[in-house]
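Now for the letters of each chain:
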Amino acid sequence: MLDFAREITPLIEKYGEVPILLNLTKGMNEEQLTQHLKNESLKNPYVEILKHLCSLLPEPLSLELLHLAGINPQEEYSKISGAQKAKFINLLAWTPLTVTGHDVFKMAMITRGGVNLKEINPKTMQSRIMDGLYFCGEVMNLDGPCGGYNLQWSFASGHLAGGLNRLLT
Ligand SMILES: Cc1cc2nc3c(=O)[nH]c(=O)nc-3n(C[C@H](O)[C@H](O)[C@H](O)COP(=O)(O)OP(=O)(O)OC[C@H]3O[C@@H](n4cnc5c(N)ncnc54)[C@H](O)[C@@H]3O)c2cc1C
């Protein structure tokens, strides 16, 4: 979600809202979803579809998706028509959502934008424009996906800017 937010936020600024298709079932495709629900229903034939779906998704989300597909959550899987099943499986594999906003800069995890890297000497982090001015971390125009890249960049550039490598050699 965070990596998506990184790409989607600028699109919201541009277009107001962004339609997306999201797979909430850890990437299971239509075939795998069909097989999964079929297996669940063979194991427990008289159990309602909602319970089968809860093996994949949280209950409130399962209820909402069944509602969207026009399926009674209490219905047994075998009693649902083929066309409805196909519609539902498609909805599970490609859930349509519209992103209409974001939690503003205050809630953001990373700043995008900052001092132009071309204006900084990458060996020392010193400004090419003003002697004695050094940069580190987010203040520069560089950011990465989630996974520690931003912290690593902050530590590494801070190490360089602090001149530790120069002091140690
Ligand atoms: C909730 C959250 C989760 C995150 N998770 C990850 C993650 O899992 N992995 C990852 O790589 N990155 C993560 N990040 C991003 C990462 O924390 C930042 O990119 C990194 O900490 C930036 O380091 P920095 O030193 O540039 O800035 P900061 O860590 O923001 O340090 C700037 C410091 O300057 C101080 N300051 C500000 N103004 C002044 C002033 N006028 N005078 C004196 N001091 C001032 C601030 O108080 C602050 O201590 C996360 C960020 C957030 C908000």
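**What about the environment of Met125?**
Position of Met125 among the secondary structure elements: in the loop between β2 (95–99) and α6 (149–161). Along the chain, Met125 and Val115 lie ten residues apart, while their C-alpha atoms are 11 Å from each other. Those residues in contact with Met125 that lie beyond four places of it in its chain are Ile120, Tyr134, Phe135, Cys136, Ser157, Leu160 and Ala161.

**Some remarks on the site of the ligand**
The local shell around the ligand consists of Met109, Ile110, Gly137, Glu138, Val139, Gly148, Tyr149, Asn150, Leu151 and Ser154. Looking at the shell around the ligand, its residues break down into five nonpolar, four polar and one charged.

**Side note on helix α1 (residues 2–15)**
A rise of 1.5 Å per residue sets the reference length of α1, with its 14 residues, at 20 Å; its end C-alpha atoms lie 20 Å apart and thus fit the reference within 8%. At Ile8, α1 shows its strongest bend, of approximately 35°, with the proline Pro10 following within four residues. A small share of α1 lies buried, amounting to zero of its 14 residues.

**Re the pairing of β2**
Consecutive side chains along a regular strand alternate between the two faces of the sheet. With zero of five residues buried, β2 lies mostly on the surface of the structure. The sheet contact formed by strand β1 (residues 18–22) and β2 spans five bridges and is antiparallel. Counted as the bridge partner of Val18 is Val99 from β2.

**Notes on unusual backbone geometry**
With a phi angle near 55°, Lys26 is a residue other than glycine that sits in the positive phi range. Within the element layout of this structure, Lys26 appears in the loop between β1 and α2 (30–43). The exposure class of Lys26 is exposed, given the 8 C-beta atoms found within 10 Å. Positive phi, normally seen in glycine, also occurs at Val104, with a value near 55°. Considering the arrangement of structural elements, one finds Val104 in the loop between β2 and α6.

**Thoughts on the packing of α2 against helix α5 (residues 82–93)**
Where α2 meets α5, the axes come as close as 9 Å, and the angle between the chain directions of the two elements is 120°. As summarised for this structure, α2 and α5 are arranged oblique, according to the angle between their axes. Like other packed secondary-structure pairs, α2 and α5 cross with a definite hand, here right-handed. Facing α2, whose interface residues are Glu30, Leu33 and Thr34, α5 presents Ile89, Asn90, Leu92 and Ala93. Of the residues that constitute the contact of α2 with α5, the class distribution is four nonpolar, two polar and one charged.

**A word on the nonpolar core**
Residues Leu37, Ile49, Leu53, Leu66, Ile71, Tyr77, Phe88, Ile89, Leu92 and Ala93 constitute the largest nonpolar core, which totals ten residues. Counting only elements with at least two residues in this core, the list comes to α3 (49–53) and α5. One finds Ile120, Met125, Phe135 and Met140 within the second-largest nonpolar core, a separate group that totals five residues.

**Quick word on the environment of Leu42**
Assignment of secondary structure puts Leu42 in helix α2. Here Leu42 falls in the exposed class, since 10 other C-beta atoms lie within 10 Å of it. Along the chain, Leu42 and Ile110 lie 68 residues apart, while their C-alpha atoms are 48 Å from each other.

Procedures and definitions
- Residues numbered from 1 in each chain as written.
- Predicted model: local features only at pLDDT ≥ 70, side-chain atom pairs only at ≥ 80, totals over all residues.
- Helix = DSSP H or I, 4+ residues; strand = E, 2+ residues; numbered from the N terminus.
- Contact = placed C-beta atoms within 7 Å.
- Near = placed C-beta within 6 Å.
- Nonpolar A, V, L, I, M, F, W, Y, C, P; charged D, E, K, R; others polar.
- Expected span 1.5 Å × (residues − 1).
- Bend = angle between axes of the 7 residues up to and from the residue.
- Buried ≥ 20, exposed ≤ 12 C-beta atoms within 10 Å, placed from the backbone.
- Pairing = 2+ DSSP bridges.
- Axes fitted to C-alpha atoms, helices over the stretch in contact; angles between N-to-C directions.
- Parallel < 35°, antiparallel > 145°, perpendicular 65-115°, else oblique.
- Left-handed = near helix turned anticlockwise from the far one by under 90°.
- Core = buried A, V, L, I, M, F, W, Y, C linked by C-beta atoms within 7 Å.

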